[in-house]
Amino acid sequence: MKNLRTVSLLVLMVIMMFSVVEAADDLTVGISFQQMNNPYFIVMKEAFVSAVESIGADYIITDAHHDVAKQVSDIEDMIQRGIDILIINPTDTAGVQAAVELAKAKGIVVIAVDADAAGPRDAYISSENYDAGYQAGKFMAEELNGRGQVAILNGIPADGILDRVNGFKDAISGYPDIAIVDNQNGKQERSTAMTVTENMLQANPDLDAIFSVNDTGGLGCYSAILGSGRNTFMVSIDGHPEAVDAILDGDIFRATVAQFPRDLIRMALGTSLAKYWGAERVPEDIRVPVKLIDTNTATGFSW
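Residues numbered from 1 in each chain as written. Predicted model: local features only at pLDDT ≥ 70, side-chain atom pairs only at ≥ 80, totals over all residues. Heavy atoms only, no water.

## A short note on the sheet that holds strand β3 (residues 85-88)
Taken together, the six strands give an open sheet; going across it, the order is β2-β1-β3-β4-β5-β11, and neighbouring strands pair in parallel fashion. At either margin of the open sheet sits one strand with a lone partner, and together these are β2 (58-63) and β11 (285-288). The average undirected angle you get between the axes of adjacent strands in this sheet is 15 degrees. Examined bridge by bridge, strand β5 (residues 123-127) and β11 share four bridges and lie parallel to one another. Residue pairing for β11: Ile125 is matched across the bridge by Ile286. (Pairing = 2+ DSSP bridges. Helix = DSSP H or I, 4+ residues; strand = E, 2+ residues; numbered from the N terminus. Axes fitted to C-alpha atoms, helices over the stretch in contact; angles between N-to-C directions.)

## Side note on the packing of helix α5 (residues 129-143) against helix α6 (residues 159-173)
Orientation of α5 relative to α6, taken along the N-to-C sense of each, is 35 degrees, at an axis distance of 6 Å. Between α5 and α6 the crossing geometry is right-handed. In this structure, α5 uses Asn129, Tyr130, Gly133, Tyr134, Ala136, Gly137, Lys138, Met140 and Ala141 to contact α6, whose residues at the interface are Gly160, Asp163, Arg164, Asn166, Gly167, Phe168, Asp170, Ala171 and Ile172. Looking at the contact of α5 with α6, its residues break down into eight nonpolar, six polar and four charged. (Left-handed = near helix turned anticlockwise from the far one by under 90°. Contact = heavy atoms within 4.5 Å. Nonpolar A, V, L, I, M, F, W, Y, C, P; charged D, E, K, R; others polar.)

## Observations regarding the nonpolar core
Ranked by internal contacts, the top residues of the largest apolar core, which has 55 residues, are Phe48, Ile87, Ile125, Ile210, Met234, Phe253 and Ile265. Here the element with the most residues in this core is helix α2 (residues 39-54); it accounts for nine residues. Setting aside its immediate chain neighbours within four residues, Met234 contacts Ile210, Ser212, Gly218, Cys221, Tyr222, Ile225, Ile252, Phe253, Arg254 and Ala255. Within the second largest apolar cluster, 26 residues are counted, among which are Val150, Ile156, Val257 and Val290. (Core = buried A, V, L, I, M, F, W, Y, C linked by side-chain atoms within 4.5 Å. Buried < 20%, exposed > 50% of the residue type's maximum accessible area, 1.4 Å probe, protein only.)

## Structural notes on the packing of α2 against helix α10 (residues 261-276)
As a packed pair, α2 and α10 sit with axes 8 Å apart at the nearest point and diverge in direction by 40 degrees. If you check the angle between α2 and α10, you find them oblique. By crossing handedness, the relation of α2 to α10 is classed as right-handed. Contact with α2, carried on its side by Tyr40, Val43, Met44, Glu46, Ala47, Phe48, Ala51 and Val52, involves Pro261, Arg262, Leu264, Ile265 and Leu269 of α10 and no other residues of that element. Taken together, the residues of the contact of α2 with α10 sort by class into 11 nonpolar, no polar and two charged. (Parallel < 35°, antiparallel > 145°, perpendicular 65-115°, else oblique.)

## Thoughts on the sheet that holds strand β6 (residues 148-154)
With mixed pairing, the six strands of this open sheet are ordered in space as β7-β6-β8-β9-β10-β12. Either end of the sheet is taken by a strand with one partner, and the two such strands are β7 (178-185) and β12 (291-293). Averaged over all pairs of adjacent strands, the angle between strand axes in this sheet comes to 20 degrees, irrespective of strand direction. Where strand β8 (residues 209-212) and strand β9 (residues 233-238) come together, three bridges link them in parallel fashion. The residue of β9 that forms the bridge with Ile210 is Met234.

Structure, rendered in structure tokens:
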């Protein structure tokens, strides 16, 4: 409830500022994505462009391709091009610290979105990642009737991913007859996750279920399970359209805990504008609630 009140107050504050500032012709907003080969981030990008264009600001968009060195270089380039606001979706929480410090030294407002950034950023906007992992783990445990062997298809070392894994582990810890027997990095990529899942299935012949930290990796996991002919099922996080379709189509992909990328990016932009236009009491940590999507709620769901 606290986070919802914070979000509501922030939205009201930004609306009030828009009534004062009719346009932002001299404002440039830069956004650095960890990757764009993912519908989740494509939706986020579309919402970002729509929102920035609605206030008449200029923008720069970069794609790090999950390469932290490229992300730092991209940000340095945007700083040289004179951005006023930096919205960063880190590919590595600690690895972007130098870029955040450089931006702040230049007087740029820095907002982290979806994953946190080390260093003196002004605010962090994210989903309730721990809760997402916990909901996924609780759902999986109930599907297993409290007994079985499970594995984790992990991802990049960003705080949001770590929170999801911790939430999942904490949920599973409440079931002493469920064992986490494997934990491997699928890099949140479909092809890599498919290969990693094939290896996990081969190494663990009694594996009952797999938790994927995101749906793109989860879809690779799904393909691997389908190809194996095993009865293993899976649960993931994001709300990806293909994941929702897979949930409706069969018994392998049983649930995804949906995020809301449009809300995340709008909150990130709203927060950055409030800070840029002089608001003194801007929330530094805003968490957007998530929602479990299973066969009962998948019909009609979309980002």
